[in-house]
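Residue-level structural notes
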2 protein chains.
Amino acid sequence: MTVVEKLEALRSLMNEKNMAAYIVPADDFHGSEYVGDYFKAREYMSGFTGSAGTLVVLPDRACLWTDGRYFLQADAQLQGSTIELMKAGQPGVPEIADFLADSLKENDCIGFDGRTVTSHFVQELSKKTDVKKISFSGEEDLVGMIWKERPQMSMEPVWELDVKYAGMTREEKLASLRERMKEEKADVIILAALDEIAWLLNLRGNDVKCTPVFLAYMVIDQNRAVLCAHEEILSEDIRKKLSDAGIEVMPYEGAAQILKELSEGKTILADGDKVNYQLVKSIPENVAQKDIQSPVMLMKAVKNPREMENIRNAHIKDGVAVTRFIYWLKNNAGKEKITEISAAEKLEAFRAQQEGFIGPSFQSIIGYGAHGAIIHYAATEETNVQIEEKSFCLADTGGHYLEGTTDVTRTIVMGELTDEERKMYTLVLRGHLNLGAAKFVYGVCGPNLDSIAREPLWEYGLDYNHGTGHGVGHILSVHEGPQRFHWNANPAAKSAALEEGMVISDEPGVYLAGKFGIRHENLVLCRKGEKNEYGQFMYFEELTMVPFDTEAIDVSLITEKELAHLNAYHQKVYYAISPYLEGEELEWLKKVTRPLTK
Amino acid sequence: MTVVEKLEALRSLMNEKNMAAYIVPADDFHGSEYVGDYFKAREYMSGFTGSAGTLVVLPDRACLWTDGRYFLQADAQLQGSTIELMKAGQPGVPEIADFLADSLKENDCIGFDGRTVTSHFVQELSKKTDVKKISFSGEEDLVGMIWKERPQMSMEPVWELDVKYAGMTREEKLASLRERMKEEKADVIILAALDEIAWLLNLRGNDVKCTPVFLAYMVIDQNRAVLCAHEEILSEDIRKKLSDAGIEVMPYEGAAQILKELSEGKTILADGDKVNYQLVKSIPENVAQKDIQSPVMLMKAVKNPREMENIRNAHIKDGVAVTRFIYWLKNNAGKEKITEISAAEKLEAFRAQQEGFIGPSFQSIIGYGAHGAIIHYAATEETNVQIEEKSFCLADTGGHYLEGTTDVTRTIVMGELTDEERKMYTLVLRGHLNLGAAKFVYGVCGPNLDSIAREPLWEYGLDYNHGTGHGVGHILSVHEGPQRFHWNANPAAKSAALEEGMVISDEPGVYLAGKFGIRHENLVLCRKGEKNEYGQFMYFEELTMVPFDTEAIDVSLITEKELAHLNAYHQKVYYAISPYLEGEELEWLKKVTRPLTK
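Residues numbered from 1 in each chain as written. Chains lettered and ligands numbered in written order. Predicted model: local features only at pLDDT ≥ 70, side-chain atom pairs only at ≥ 80, totals over all residues. Heavy atoms only, no water.

**Quick notes on the pattern of salt bridges**
For clarity, the cut-off: We define a salt bridge as a contact between a side-chain nitrogen of Lys or Arg and a carboxyl oxygen of Asp or Glu at a distance within 4 Å. Every helix listed is a DSSP run of H or I at least four residues long, and every strand listed is a run of E at least two residues long, numbered separately from the N terminus. Burial classes: relative accessible area under 20% of the type maximum marks a residue as buried, over 50% as exposed, and values in between as partly exposed (1.4 Å probe, protein chains only).
Across all of its chains, the model carries 85 salt bridges over all chains by this definition. A salt bridge links A:K330 to A:D549, with the nearest nitrogen and oxygen atoms 2.5 Å apart. Residue A:K330 is found in helix α14 (residues 305-332), and its partner A:D549 is found in the loop between β28 (535-542) and α19 (560-577); the two are separated by 219 residues along the sequence. A:D549 matches A:K330 in its accessibility class, with the two residues each being buried. One salt bridge connects B:E507 with B:R519, and the closest N-O pair in it is separated by 3.7 Å. With a gap of twelve residues between them, B:E507 in the loop between β24 (503-506) and β25 (509-512) and B:R519 in strand β26 (residues 516-519) connect regions that are remote in the sequence. For B:E507, a relative accessible area of 8% gives the class buried. The class of B:R519 is buried, set by a relative accessible area of 3%.

Take a look at the structure:
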């Protein structure tokens, strides 16, 4: 079927069901960052392959909202589809809710697959549409009725993350969650975020690209804990272990039914940012929903001592791999044909040599020259270019190891640099170093510290259009909350104190379109420092162990203090990874980590 | 009557009215920072004279909550009163709501004068007490029934702030407010904050200490604007002007009645942080309350161009007065007897010599030596000490002028300093200078920038237990929102972008108990800078024109950039105020504003 035919088929179903609009999001049933092929309903219906974007179909129009990263791509892919591109955030482009409030008539009905949107999404929608008494129908997956050749839902085997990696048994985690539920006066909790479930159970899977999680829900009260998952993904051994921990297994599709059967007067904790609309709708009227942030989010974000120790080791392994890659790239570009794609493959090969490597933690961003200025660049066969002996190569990559997850960006000097390139490299590095060296009292949140990283750029009228840092999961999603460095963060990040044990990235950048991009990223671990009459002081311990390319630093632009911090970091890097390097690689490490002076 | 007798009288009334608890706050009916004598019900009932603190009376107990500033004073003043001191914020001390939830029985009733608490206060209270189905009675002022010799409510004459000072006519302000009401889809608005009403009407009064406002409410819709105020305070001339602007005058006590008569189906904007409980209760059930921040708060915080120009002039006058004071203090301490109190009087005399001076904008804080470490110190006859020729004298003072309001802190070197004193002085100055020099993109809020001022102290394990800055009203309250520099700010400050025209203080400090205190405070004006592809850049223009005492600066601890900023500031100060100084004062200004080098 062509896109036009698919839209006609959808409209005919909409007509049958009395729906005046149908929303097709790009999400799975769990709000995952990446989704499996089964869930790519928006891509199937529109032909647009970008990771973000929502299709809205009306009887006489179809519109697709996507963000700035995808305007060019969407424009090309929507040619001939009759779908109008809505450039989200551009002047004059309405938000979906306003568009629907405007386009629909009184008492119209909006349809969608209620499993693909969160309860909060529908709440926001209804705020705008309730003046017209618009109703919602979330029961029917109309795309599923059209999509004959739909791929199977992923059902990859689940594997056990040994307690020597996880640091706590699943029994301990469950007990701790039940304590939190008591504090929140919640009788029951529903978990839908895949990383929360994987963390709680010390299980990992392979149902979501780059994220070792598996499709599941959990419903937990003080006596029962029910895992709803596809039967096929759990081995006998894992079933036995779950059973030993008092965890029952039920079908993946059974979660809604469990909620429907909750007894009167109970209170269920259901995080409306995570739990999908259909599940929330399944909660009986006489059961109270406590719609607050899932307590597992914070429990998971605060790494335990064993996890911290393991994560340090993972970063040493990763540091060895990335350092070898940088040396190889700097010494072979120009001598042999190296492209963005082949470089990414080479880096993955270096990582794969490390014991315990599982796979990449996200799709590698290797952007050479002007491609470095495209923040979410991922080289394709069409865009792939050869890396030459000039300008910068920006490499933002990461890996999952049994001991932890990494995410590192280095901006690598490929040859002669312009003064502008050196200046920008140095300013971004100043922001990166200053945030990494920050000391602060307990209670401070990421948005309070973001300006420390941006100030050296703001001073020159520069900025970057992304957060300065995100939380990082432990062999889970490389992006996790609640912690975040961004002045413009959501309320959760604004009120999430930086806790000892949180892992967060420190990654300011600068992007000159058509010229080059610079980003410097380390992961840091939040730690407790001295405690005195002013409070509990906190600081960041650097986890990433990869040298910065000192060739690009303009020492006239950097302060003594910043230089001292860089030198101390390079010394730590040297001691951490030099035992695993030899010959030319070791010599280069020695050279690049040598203290700089003004 | 003794406090014990007063409590018994109150309990007998409580018994009569079936109230199981009665709350006596320290507030007037408008949530003002300072209150007139009429409103000092808590002081009357308890004997405790501190500005902050709430009394809760039960049949068998009475407890008074106050904060750390007042623990010693309250402890002394409550001796023999049978009232227990509750040290708010100390471990094991419950909050009032928790205490009441714990102490009361099911279906009990809590009483209070509903005019002395905000609607939000009662909402928070009911969250904790509704498990016991506690009810509230806010109709009766029981203290008023006991307090025979209660002072009259203040009814000082209202005066006109000419449009040449206000920059906009009251008609223009009303029209602008009505536009904002339309945007918020509010038919009516109730204003209760005294500074909002004074600002809107270009009127000032004298009913609240240090704050030129008058007791009033306003109710405004698209056709009518009603001012509820004591008849006596409005002259014929002002009544005529109000009438010309379409503003009706009704009795101060009449606001509740106007609300009761609102017609069905209307929506009223009533900011539950500002409007008292009794007024909110007067809104009929069939009228919707829109409980959001009063739009006047932001309108008032963003100064218009005329106000900005006037404020700059007020600061030049104030700079002359404060600079003369500093020179006088440094040259006469030790030669004549100068105490904290006489110094404050001298400074007020210097200010009074300036044309257009109205009065102090808050109670002067002149703290010599160890008194400088008491953040909210105000010298009394008991604590007053002579200022000698050593250590620091901290002077935090301000004035209202017809052209604007000032607030400045200088830490004045009185003689030999220790290395510790010089180090602390320099570290605080670094924070002050760095925040003042901050450049940032539009959208950033105060809590995002606070860390810039604290970082030089945090680095050494130091901090200060107060905000780094507060908004400043225009011949209104010296403390206004929504803008604020504090990482731990309330949600309003966290989401209040710094707008061009906002005035805010920049005042980090350090306080070594028993030794000395240091604070450096300028007021700054938020301004628009360059606009480019990264956004609209903003910066701060210094308003305060008073030199820092350079004798205390340890240049080895300050960066080149910070020194350059200080030198540029001192040059501006010199050009602004030198025309108004002569002789020795001018010579000293020349000396103290000379550029420093490392």
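Here the narrative resumes.
**Comments concerning the pairing of strand β27 (residues 522-532) of chain A**
Residues and elements named next belong to chain A. Defined as follows: Pairing between strands is defined by DSSP: at least two bridges between them are needed.
Note that strand β24 (residues 503-506) and β27 share four bridges and pair antiparallel. The residue bridging S505 from the neighbouring strand is L523, located in β27. Inspection of the sheet shows β27 paired to β28 by seven bridges, in the antiparallel sense. Bridge pairing links K531 to Q536 in β28. The antiparallel pairing of β27 with β28 creates a hairpin that spans two residues between the two strands.

**Overview of the packing of aromatic side chains**
Residues and elements named next belong to chain B. Our working rule: Classification of ring pairs uses Phe, Tyr and Trp, with its six-membered ring standing for Trp, and accepts pairs whose centres are within 6.5 Å; under 30 degrees between planes counts as stacked, over 60 as edge-to-face, and the remaining range as tilted.
Summed over all chains, the structure comprises 34 aromatic pairs over all chains. Relative to F39, the ring of F29 lies with its centre 4.9 Å away and its plane at 80°, an arrangement referred to as edge-to-face. With F29 in the loop between β1 (21-24) and α2 (41-46) and F39 in the loop between β1 and α2, the pair connects residues that are ten residues apart, well separated along the chain. Residue classification places F39 among the buried positions, given a relative accessible area of 5%. Ring geometry for F485 and F540: centres 5.8 Å apart, planes at 90°, overall edge-to-face. Linking F485 in strand β23 (residues 480-485) with F540 in strand β28 (residues 535-542), this pair joins segments that are 55 residues apart in sequence. F540 matches F485 in its accessibility class, with the two residues each being buried.

**Details of the packing of helix α16 (residues 419-436) of chain B against helix α19 (residues 560-577) of chain B**
Residue and element names in this part refer to chain B. Spelled out, the test is: An axis is simply a line fitted to the C-alpha atoms; with a helix, the fit covers only the stretch in contact. Between two such axes, the angle follows the N-to-C directions and lies from 0 to 180 degrees. Between 65 and 115 degrees an angle is taken as roughly perpendicular, under 35 as roughly parallel, over 145 as roughly antiparallel, and anywhere else as oblique. The contact criterion used throughout is that any non-hydrogen atoms of two residues lie within 4.5 Å. Classes in brief: Ala, Val, Leu, Ile, Met, Phe, Trp, Tyr, Cys and Pro nonpolar; Asp, Glu, Lys and Arg charged; the others, Gly included, polar.
Remark: α16 packs on α19, axes separated minimally by 10 Å, with the N-to-C direction vectors making an angle of 75°. Taken together, the axis directions place α16 and α19 in an arrangement best described as roughly perpendicular. In this structure, α16 uses L429, R430, L433, N434 and G436 to contact α19, whose residues at the interface are E562, H565 and L566. Across the contact of α16 with α19, the residue classes break down as three nonpolar, three polar and two charged.

**A few points about the relation of the copies chain B and chain A**
Our working definition: Copies are brought into register by a least-squares superposition over C-alpha atoms of residues with pLDDT of at least 70 in both.
Once turned by 179° and shifted 0.1 Å along the axis, chain B lies on chain A with an RMSD of 0.1 Å. Classification of the inter-copy transformation places it as that of a two-fold axis. No C-alpha of chain B lies nearer the rotation axis than that of B:N448, which sits 2.2 Å from it. When the interface residues of chain B are mapped onto chain A, 100% of them again fall at the interface, so both copies present the same face.

**Digging into the interface of chain B and chain A**
Just so we agree on the cut-off: Two parts placed together each lose some accessible area under a 1.4 Å probe, and adding up what both lose gives the buried area.
Taken together, the contacts link 28 residues of chain B with 28 residues of chain A. Surface buried jointly by chain B and chain A totals about 2,400 Å² across both partners, of which 54% is contributed by carbon and sulfur atoms. Summed over the shared surface of chain B and chain A, the number is two salt bridges. Measuring nitrogen to oxygen at the nearest pair gives 3.1 Å for the salt bridge that ties A:E459 to B:K561.

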